[in-house]
Amino acid sequence: RSTLFPYTTLFRSLADLMPASEVRNMEKMYSNQKLIEQGRGTQGDAAMFGYYIEHNIGIGFQCFAGGLFFGLGSVFFLSYNGMILGGVAGHLSHPPYAASFWPYVVGHCPWELSAVVLCGAAGLMLGLRLVQPGPLRRVDALRQIAPQAVQLVLGGALMLVLAAAIEAFWSALPLSAAVKYGFSALNWCAVLGYLCLSGRGQDRKSTRLNSSHLAES
């Protein structure tokens, strides 16, 4: 059982969050580094790539579409998946699992976790317009914000595909933990750089256009 806070303040064991059979399967997988490094072969990697895409995009869609329930669905799915991920990470952060678990997951975490948050944020944008439509009818307020929310969730979907590719073709490679942690750090820099810098050119262009219109008037 995990001793990490606040995990044990809410649940006695990971089995309280998910079926015991799944817990045993994860423990078996991460108890031996060689089981991971054996790989699945080219066909196995391709099959897992398809599975990861379906699984990841399914979670992202839940977080996004849940916003149509006045944002409550997005809050629920973000909280639920965060609780599951936190419980799994806490449980597998102890010997003999940690040495296999963290090198395996750190590569795709930057893209996958960030994408799920983006999908949830897009859902909350929809929910906010339903809760506070302003002078518009709710359907009109939803129609007004939908293009921005869809653009955000499409970006999240592309990130989830990239995360699936990394998990399928990179994560199980027999490389040292240092290499995998370094790869993860580069990916975090790429994600944060994109989130911080993307769209700035459009903002400057919009500012110039608004200034020119004001000057003409």
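Residues numbered from 1 in each chain as written. Predicted model: local features only at pLDDT ≥ 70, side-chain atom pairs only at ≥ 80, totals over all residues. Heavy atoms only, no water.

One can find His 108 in the loop between α6 (98-105) and α7 (109-131). Once residues within four sequence positions are removed from consideration, His 108 is found in contact with Ala 163, Ile 166, Glu 167 and Ser 171. (Helix = DSSP H or I, 4+ residues; strand = E, 2+ residues; numbered from the N terminus. Contact = heavy atoms within 4.5 Å.)

The subject of this paragraph is the packing of aromatic side chains. Summed over the entire model, instances satisfying the criterion amount to 8 aromatic pairs. Site record: aromatic cluster; members linked through ring pairs are Tyr 30, Phe 101, Trp 102 and Tyr 104. (Phe/Tyr/Trp six-rings, centres within 6.5 Å; stacked < 30°, edge-to-face > 60°.)

What follows deals with the pattern of salt bridges. Under the counting rule described, the total for this entry stands at 2 salt bridges. Residue Asp 140 is joined to Arg 137 by a salt bridge in which the shortest nitrogen-to-oxygen separation is 3.0 Å. Given the relative accessible area of 57%, Arg 137 is considered exposed. For the salt bridge of Asp 140 with Arg 143, the shortest nitrogen-to-oxygen distance reads 2.8 Å. Of this pair, Asp 140 and Arg 143 both sit in helix α8 (residues 138-169), 3 residues apart, which is roughly one turn of that helix. Judged by relative accessible area, Asp 140 falls into the partly exposed class, the value being 25%. Where salt bridges share partners, they join Arg 137, Asp 140 and Arg 143 into one cluster. (Salt bridge = Lys/Arg side-chain N within 4 Å of Asp/Glu carboxyl O. Buried < 20%, exposed > 50% of the residue type's maximum accessible area, 1.4 Å probe, protein only.)

The next thing to look at is the environment of Ser 171. Note that Ser 171 resides in the loop between α8 and α9 (177-197). You can call Ser 171 buried: its relative accessible area is 1%. The sequence separation of Ser 171 and Gly 107 amounts to 64 residues, and the corresponding C-alpha distance is 6.3 Å. At a separation of 3.1 Å, a polar atom in the side chain of Ser 171 contacts the main-chain carbonyl oxygen of Tyr 104. (Polar contact = N/O pair within 3.5 Å; in protein donor to acceptor, adjacent residues only side chain to side chain.)

Cis geometry is adopted by the peptide bond preceding Pro 96, which originates at Pro 95 and carries an omega value of 5°. Structurally, the position occupied by Pro 96 is in the loop between α5 (72-91) and α6. In the Ramachandran plot, Phe 70 falls in the positive-phi region, its phi being about 55° despite a non-glycine side chain.

With that out of the way, let us pick up the nonpolar core. By size, the foremost hydrophobic cluster in this structure holds 20 residues, and its most contacted members are Phe 64, Trp 111, Leu 126 and Met 159. Mapped by element, the contributors of at least two residues to this core are α4 (41-65), α7 and α8. When residues no more than four places from it in sequence are discounted, the contact partners of Leu 126 are Phe 64, Gly 67, Leu 68, Leu 142, Ile 145, Ala 146 and Ala 149. One finds Ile 84, Ala 89, Tyr 104 and Ala 172 within the second-largest nonpolar core, a separate group that totals 18 residues. (Core = buried A, V, L, I, M, F, W, Y, C linked by side-chain atoms within 4.5 Å.)

The end-to-end C-alpha separation of α9 is 30 Å, in line with the 30 Å expected for 21 residues at 1.5 Å each. Regarding α9, the residues found buried are Lys 180, Ser 184, Asn 187 and Val 191. Seen end-on, α9 carries its buried residues on one side only, within an arc spanning 65°. Exposed side of α9, more than 90 degrees from the buried face: Ala 178, Leu 186, Cys 189, Cys 196 and Leu 197 are the residues found there. Directly after α9, the chain includes Gly 199, whose backbone phi takes a positive value near 85°. (Expected span 1.5 Å × (residues − 1). Arc of directions from axis to C-beta.)

Turning our eyes to something else, we now look at the confidence of the model for the chain. Per-residue pLDDT for the chain averages 84, and the proportion of residues at 70 or more is 80%. Mean pLDDT per element in the chain: helix α1 (residues 7-10) is the minimum at 46, and α7 is the maximum at 96. Counting interchain partners and residues more than four positions distant, the pLDDT-below-50 stretch residues 1-9 has 16 contacts. (pLDDT = per-residue confidence, 0-100.)

On to helix α2 (residues 20-30). Within the sequence span of α2, burial applies to Val 23, Met 26 and Tyr 30. Take α2 and look down its axis: the buried residues cluster within an arc of 65°, on one side only. Away from the buried face of α2 by more than 90 degrees, exposed residues Arg 24, Asn 25 and Lys 28 are located.

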